[in-house]
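Residue strings, one per chain:
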Amino acid sequence: MSIERTLSIVKPDGVGRNLIGEVYRRFEQVGLKVVAARMMRLSQAEAEGFYAVHRERPFFKDLVRFMISGPVMVQVLEGENAIAKNREVMGATDPKKADKGTIRADLATSIDENIVHGSDAKDTAAREIAYFFRDIELCPRTR
Ligand code: ATP
Ligand code: MG
């Protein structure tokens, strides 16, 4: 076990449906601590840069259009095995395939609008945190 940090986003559907608190409650319930947070409206370039790994995928245009359709809540979560733990709480990408009790199974409507983003590995977590936050903006809570 190790203390990790991961990047999480409450996507425009989650913010628009007033689910920020519900999502944060689920993070806190499993011991994930918010160590930085910001609400922002992503520009097209910012959303494209963030999801650059998916640039060649057929859903890329729709994904970017969705991510800039309203404000998002961006946060860094800290805790034991935070990257995998956050992915567990989120559930599978497609809400229809997600386990009951996960954010996506319980709250999301479709694979396109699936409430949350979470980093999927150590290297992507580091890159994604640095994409949105400077080191000085992170407030360690576990160490
Ligand atoms: P995220 O990166 O947003 O946390 P994820 O890691 O579970 O989600 P990815 O494979 O990284 O899934 O895809 C990024 C996003 O692109 C998904 O959250 C989803 O909204 C969208 N997406 C992924 N696959 C598809 C698909 N087959 N059809 C439509 N949209 C998709
Ligand atoms: Mg992903």
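Residues numbered from 1 in each chain as written. Chains lettered and ligands numbered in written order. Predicted model: local features only at pLDDT ≥ 70, side-chain atom pairs only at ≥ 80, totals over all residues. Heavy atoms only, no water.

**What about unusual backbone geometry?**
Worth spelling out the cut-off: Secondary structure follows DSSP: runs of H or I at least 4 residues long count as helices, runs of E at least 2 residues long count as strands, and numbering of each begins at the N terminus. When accessible area is computed with a 1.4 Å probe and restricted to protein chains, residues below 20% of their type maximum are described as buried, those above 50% as exposed, and intermediate ones as partly exposed.
Positive phi, close to 65°, is recorded for Asn18, a residue that is not glycine. Here the phi dihedral of Ile115 falls at roughly 70°; this positive angle occurs in a residue that is not glycine. Structurally, Ile115 can be placed in the loop between helix 6 (103-107) and strand 4 (116-118). By relative accessible area, which is 0% here, Ile115 ends up buried.

**Points about the environment of Asp135**
By the element assignment, Asp135 lies in the segment after helix 7 (122-132). A C-alpha to C-alpha distance of 10.0 Å links Asp135 and Ala36, two positions 99 residues apart in sequence.

**Notes on the side chain of Asn86**
Keep this limit in mind: In what follows, residue pairs with any heavy atoms lying within 4.5 Å of each other are defined as contacts.
Along the polypeptide, Asn86 turns up in helix 5 (residues 82-90). Judged by its relative accessible area of 0%, Asn86 falls in the buried class. For Asn86, the contacting residues outside a window of four places in its chain are Thr6, Leu7, Ser8, Phe27, Leu32, Leu77, His117 and Gly118.

**A look at the site of ligand 1**
Rule in force here: Consider each residue's heavy atoms; a residue with any of them within 4 Å of a molecule or strand counts as near. Polar contact is the term for a pair of N or O atoms within 3.5 Å; when the atoms are in protein, one must be able to donate a hydrogen and the other to accept it, and sequence-neighboring residues count only if both atoms are side-chain atoms. Residue-level accessible areas treat just the shown protein chains as cover; the underlying method is Shrake-Rupley with a 1.4 Å probe. Each residue receives one of three labels: charged for Asp, Glu, Lys and Arg, nonpolar for Ala, Val, Leu, Ile, Met, Phe, Trp, Tyr, Cys and Pro, and polar for the others, Gly being one of them.
Around ligand 1, the structure places 14 residues, and the nearest of them are Lys11, Tyr51, His54, Thr93 and Ile111. Measuring from an oxygen atom of ligand 1, one finds a side-chain N or O atom of Thr93 at 2.5 Å. At a separation of 2.9 Å, an oxygen atom of ligand 1 approaches a polar side-chain atom of Asn114. Here ligand 1 has 580 Å² of accessible area as a free molecule, and 81% of this is covered by the chains. Looking at the shell around ligand 1, the elements that each hand over two or more residues are helix 5 and strand 4. A per-class count over the shell around ligand 1 returns five nonpolar, five polar and four charged.

**Examining the pattern of salt bridges**
Put simply, the rule is: Just to be clear on terms, a salt bridge is a Lys or Arg side-chain nitrogen sitting within 4 Å of an Asp or Glu carboxyl oxygen.
Following the criterion strictly, the structure yields nine salt bridges and no others. We note a salt bridge from Arg5 to Glu78, for which the minimum N-O separation is 2.9 Å. Taken together, the residues span a long stretch of sequence, with Arg5 in strand 1 (residues 3-10) and Glu78 in strand 3 (residues 72-80) at a distance of 73 residues. Classification of Glu78 as buried rests on a relative accessible area of 0%. Residue Lys96 is joined to Asp94 by a salt bridge in which the shortest nitrogen-to-oxygen separation is 4.0 Å. In this structure Asp94 comes out as buried when scored by relative accessible area, which is 14%. Here the salt bridges do not stand alone but share partners, grouping Glu22, Arg25, Arg26 and Asp106 into one network.

**Overview of the environment of Ala82**
Within the secondary structure, Ala82 sits in helix 5. Accessibility expressed as a relative area gives 0% for Ala82, which makes it buried. When the C-alpha atoms of Ala82 and Lys122 are compared, they prove to be 9.9 Å apart, with 40 residues separating the residues in sequence.

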